Amino acid sequence: MATNTYPPGSMDTGILDIESKASAYHSEKAPSASASTSSSSSPNPAVITSTSTSGTSGGTDFNLSPAEEKRIKRHIDRRLVMTIGAMYCVSLMDRTNLGAANIAGMGKELKLIDNRYSIVSLVFFVTYVLFQPPSTVICRKIGPRIHMSALTLLWGSVMIGMGFVKSWEQLAALRVVLGVLEAGFFPSCVYLLSTWYTRYEVGKRNSVFYLTGCVASAFAGILAYGLMQMGGLANLTGWRWIFIIEGVLTCLLGIAGYWLLVDFPDSPRKTWSFLSARDREWVCARVQADRGDVVPQKFVISKYLSSGRDWKVWAYAMIFFNTTTISYALSFFLPMILNTGMGFNIAQSQCLVAPPYAFAGFVMFAGAYVGDRFRIRGPIVAFNALLAVIGVPIMGFAASAKVRYFGVFLVTAGANSNVPAAMSYQANNIRGQWKRAFCSATFVSFGGIGGIAGSLVFREQDKLTGYKPGLYACIATSLLTLVLVACLTVSFWRENKKAERGEKELEAEDDDAQPGFRYTY
């Protein structure tokens, strides 16, 4: 099994690989058990010494064979990544099914004239952004099982209620409540994932997590078309059944999530039928060896907010804003663009949403594999932004509907693939539990602001011009992403050089921060 080195890319034989450092961490947590393999122990469990005598994977303190290590990782992948991926699947479906419901008759029945549809789309993101900052702190305090499963159950109930609204004002009000409830979910997912994996394992996991959401987006239109056929049952029109059935599915998944979700690896709280205490400690040791922040310090509001002084935190957030502006615009308006802009009928428009998202899944995972394999992040983000820059003009200005639909593939792949790519970019380049929590919250909050922008870029009054202002906005955000990645890359190069010369330690705000951290390009 390939081993990672710390700092990344170092070939210094004096630096232990992650598995050996995990053994050292375990020795310090239980000094009496490691007396024969460690010459000294530190009173601070967060400090990793380089006294392990075992060079084998896992070390003698854990007595884990390579096969057992792979079993633990696979178990975490199945239980954590797939569970939150499934829950995010319904989250994304629930917040973006307005487009499908609108062309299924909701627009006419609720009289969504002028800018009413944009208002209904937008109000969700107002509360979605406002209620995100405290979400990661609450998740850490009460645990993700209670926090995330309760939120899912509650917003599923709101979705069911949306199937019974009588006016567009009632629909808008429920979208406001939906924003409050969904606000805490995605940042908690990003934060929780980052605590279980090392920096060069998290890329593929972020992609699988978000890929599940892409599957939802790919088949949500087909599912919506099927649910439309229930129109007439219980004297309800077809678009209402889209909200009701998807809401019921969300509630069921929220209930299941209470048992299936896992807690943070360092948490003493119980998790149903998961890893043993030794397995969890091995996970903590690997993360500690990789970036040295597995042990959370006491929460201090001033220190938590001081993370905002780092300009890079806002650069990551702005990249995510650029990405979600396009991805949400597509999810809200693509069915209508296919229907009114490209001339496809309602059934075709619902179903033709699926192939571009399926293609995005392949691009997404390929980028994650390359990023983890070669330990790069910025070039992947830049490549995806270039796909969008190329695809938007094709989608908007080509003469043939078939060629324009090809442009949809490129834009969808570029925008959606950059969601996990940007998540991995920021996760690899920050350190410290509370800075990670702050960065996750601001990162996802800016994604919510991107949702506000995405709900406004394709305006009803621009329909006759082919939505040109919206197309220009999407091109501008993609170009801004390229500029930000270039600025971050130059900054990382300079800071890494200073660290190599011994002039400074990077990301060392915490009192127990390990030396040797390097930024990932």
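Residues numbered from 1 in each chain as written. Predicted model: local features only at pLDDT ≥ 70, side-chain atom pairs only at ≥ 80, totals over all residues. Heavy atoms only, no water.

As named in an unreviewed UniProt entry, the chain is Major facilitator superfamily domain-containing protein, taken from Neurospora intermedia. Checking UniProt for the chain, the heading Subcellular location (unreviewed entry) contains the comment "Membrane". (UniProt positions renumbered as here; feature names shortened; annotations may be inferred.)

Attention now moves to the overall build of the chain. Secondary structure assignment for the chain yields 20 helices and zero strands. Of all 521 residues assigned to the chain, the portion counted as buried reaches 61%. Counted over contacts in the chain with a minimum sequence separation of 6, partners at least 24 positions apart contribute 79%. Of the roughly 19600 Å² of accessible surface on the chain, a fraction of 66% belongs to carbon and sulfur atoms. (Helix = DSSP H or I, 4+ residues; strand = E, 2+ residues; numbered from the N terminus. Buried < 20%, exposed > 50% of the residue type's maximum accessible area, 1.4 Å probe, protein only. Contact = heavy atoms within 4.5 Å. Areas by Shrake-Rupley, 256 points an atom, 1.4 Å probe, with all protein chains shown as cover.)

Let us look at the nonpolar core. By size, the foremost hydrophobic cluster in this structure holds 126 residues, and its most contacted members are I76, L80, M106, F186, W196, F209 and F458. Broken down by element, this core gets its largest block of residues, 15 residues, from helix α14 (residues 311-341). The contacts of I76, once residues within four sequence positions are left out, are V81, W196, Y197, F274, L275 and V283. Of all hydrophobic cores here, the second largest spans five residues; its members include A360, L387, L410 and A413. (Core = buried A, V, L, I, M, F, W, Y, C linked by side-chain atoms within 4.5 Å.)

This paragraph deals with unusual backbone geometry. The phi angle at K111 is positive, at roughly 55°, despite the residue not being glycine. Tracing the sequence through the fold places K111 in the loop between α4 (98-109) and α5 (116-130). At R375, a position not held by glycine, the phi torsion is positive, near 60°. Position of R375 among the secondary structure elements: in the loop between α16 (354-374) and α17 (378-397). With relative accessibility at 23%, the residue R375 sits in the partly exposed group.

Taken together, I138, I142, I146, L153, V248, L249, L252, I255, Y258, W259, L260 and W272 make up a surface patch of nonpolar side chains, about 1100 Å² in accessible area. In terms of residue count, helix α11 (residues 238-260) provides more of the nonpolar patch than any other element does, seven residues in total. Within the secondary structure layout, L249 lies in helix α11. According to the relative accessible area criterion, L249 is partly exposed, its value standing at 44%. (Patch = residues over 30% accessible without salt bridge, like charges linked within 9 Å, V, L, I, M, F, W, Y side chains within 5 Å. Salt bridge = Lys/Arg side-chain N within 4 Å of Asp/Glu carboxyl O.)

What follows deals with the side chain of S307. Along the polypeptide, S307 turns up in the loop between α13 (301-306) and α14. Among all residues touching S307, those that are not within four sequence positions of it are V313, K435 and F438.

A few words now on the packing of aromatic side chains. Under the criterion given, the structure shown has 26 aromatic pairs. Summarising the aromatic geometry, the rings of F124 and F125 are spaced 4.8 Å apart at their centres and angled 90° between planes, so their arrangement reads as edge-to-face. Given the relative accessible area of 0%, F124 is considered buried. Grouped by ring-pair contacts, the aromatic residues Y88, F186, F209, Y210, F320 and F443 constitute a single cluster. When the ring centre of F264 is taken as reference, the NZ or CZ atom of R140 above it lies at 4.1 Å. Between the NZ or CZ atom of R145 and the centre of the ring of Y258, over which it lies, the distance is 4.5 Å. (Phe/Tyr/Trp six-rings, centres within 6.5 Å; stacked < 30°, edge-to-face > 60°. Lys NZ or Arg CZ within 6 Å of the ring centre and 35° of its normal.)

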